[in-house]
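Take a look at the letters that make up each chain.
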Amino acid sequence: MTVTRSLDETAIQSVLDGVYQAWDAGDADAFVAEYRDDATAILPGSYRRTKADVRASMAAGFASFLQGTTSINKLDSIRFLGETAAVVVSEGGIKFPGETAIPADRLAYATWVLEKRDGAWLVVAYHNSPAVVPS
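Report on the accompanying structure. (Residues numbered from 1 in each chain as written. Predicted model: local features only at pLDDT ≥ 70, side-chain atom pairs only at ≥ 80, totals over all residues. Heavy atoms only, no water.)

**Observations concerning the packing of aromatic side chains**
Point 1. A full pass over the atoms with the stated rule returns 7 aromatic pairs.
Point 2. Centre to centre, the rings of Phe-31 and Tyr-35 are 6.0 Å apart; their planes meet at 35 degrees, and the pair counts as tilted. Each member of the pair, Phe-31 as well as Tyr-35, is classed as buried.
Point 3. On the basis of an interplanar angle of 65 degrees and a centroid distance of 4.5 Å, the ring pair of Trp-112 and Tyr-126 is categorised as edge-to-face. Of this pair, Trp-112 sits in strand E5 (residues 108–117) while Tyr-126 sits in strand E6 (residues 120–130), and the two are 14 residues apart along the sequence.
Point 4. Owing to a relative accessible area of 13%, Tyr-126 belongs among the buried residues under this scheme.
Point 5. Three or more aromatic residues joined by ring pairs form one cluster here, namely Trp-23, Phe-31, Tyr-35 and Phe-62. (Phe/Tyr/Trp six-rings, centres within 6.5 Å; stacked < 30°, edge-to-face > 60°. Buried < 20%, exposed > 50% of the residue type's maximum accessible area, 1.4 Å probe, protein only. Helix = DSSP H or I, 4+ residues; strand = E, 2+ residues; numbered from the N terminus.)

Structure (structure tokens):
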């Protein structure tokens, strides 16, 4: 018998949608609204150890080099680890003002770890890596 987790899948998709809507709005507070306080984020060349660190780096980015950018996110898979944990794989990238598409060398694969706590899904960890190895 296949167990359907459609409500959890919808809730997790909503968390990711909220993160990327916040990105498009340049809103660092909304970006981390559904992150646990001890959430971590690892990106090429950086390690953010807490929700506050993620928020601060996003606020700095939105005020400078990320200003006016938009994001693209494509959900690849959700894998549940019991009742209260999930690993999500997605593909995404950033479009800078004036761009109509994301160049291949700026696409990234991401892994999200989420935990269900008090009925709500929260981001526990995020990691991304370039989708294409530069030549």
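That covers the picture; the talk isn't over yet.
**A word on the layout of surface pockets**
Point 1. Each pocket or cavity is described by its volume, and for the largest pocket that value is around 680 Å³.
Point 2. Residue lining of the largest pocket: 32 residues in total, with Trp-23, Leu-43, Ile-94, Tyr-126 and Asn-128 positioned closest to the centre.
Point 3. Secondary-structure elements contributing two or more residues to the lining of the largest pocket are helix H1 (6–25), strand E1 (35–43), strand E2 (46–48), helix H3 (51–62), strand E4 (85–95), E5 and E6.
Point 4. Among the elements that take part in the lining of the largest pocket, E4 stands out by supplying 5 residues, more than any other.
Point 5. Residue composition of the lining of the largest pocket, grouped by class: 20 nonpolar, 8 polar and 4 charged. (1 Å grid on protein atoms, 1.4 Å probe; cavity = no way out; pocket = protein on both sides within 12 Å on 5 of 7 lines; lining within 4 Å. Points joined across faces, edges and corners; volume = space filled by probe spheres on them. Nonpolar A, V, L, I, M, F, W, Y, C, P; charged D, E, K, R; others polar.)

**With respect to H3**
Point 1. If you check H3, its first and last C-alpha atoms are 16 Å apart, about what 12 residues at 1.5 Å a residue would give, namely 16 Å.
Point 2. Every buried residue of H3 is accounted for by Val-54, Met-58, Gly-61 and Phe-62. Taken end-on, H3 shows its buried residues confined to a sector of 95 degrees, consistent with a single buried face.
Point 3. Against the buried residues of H3 lie H1, helix H2 (28–31), E1 and E2. (Expected span 1.5 Å × (residues − 1). Arc of directions from axis to C-beta. Contact = heavy atoms within 4.5 Å.)

**Description of the pairing of strand E3 (residues 70–80)**
Point 1. Judged from the 10 bridges that link them, E3 and E4 form a sheet pairing that is antiparallel. Looking at the pairing, Ser-77 lines up with Val-89 of E4.
Point 2. Following E3, the chain reverses through 4 residues before pairing antiparallel with E4; Gly-82 in that reversal takes a positive phi of roughly 80 degrees. (Pairing = 2+ DSSP bridges.)

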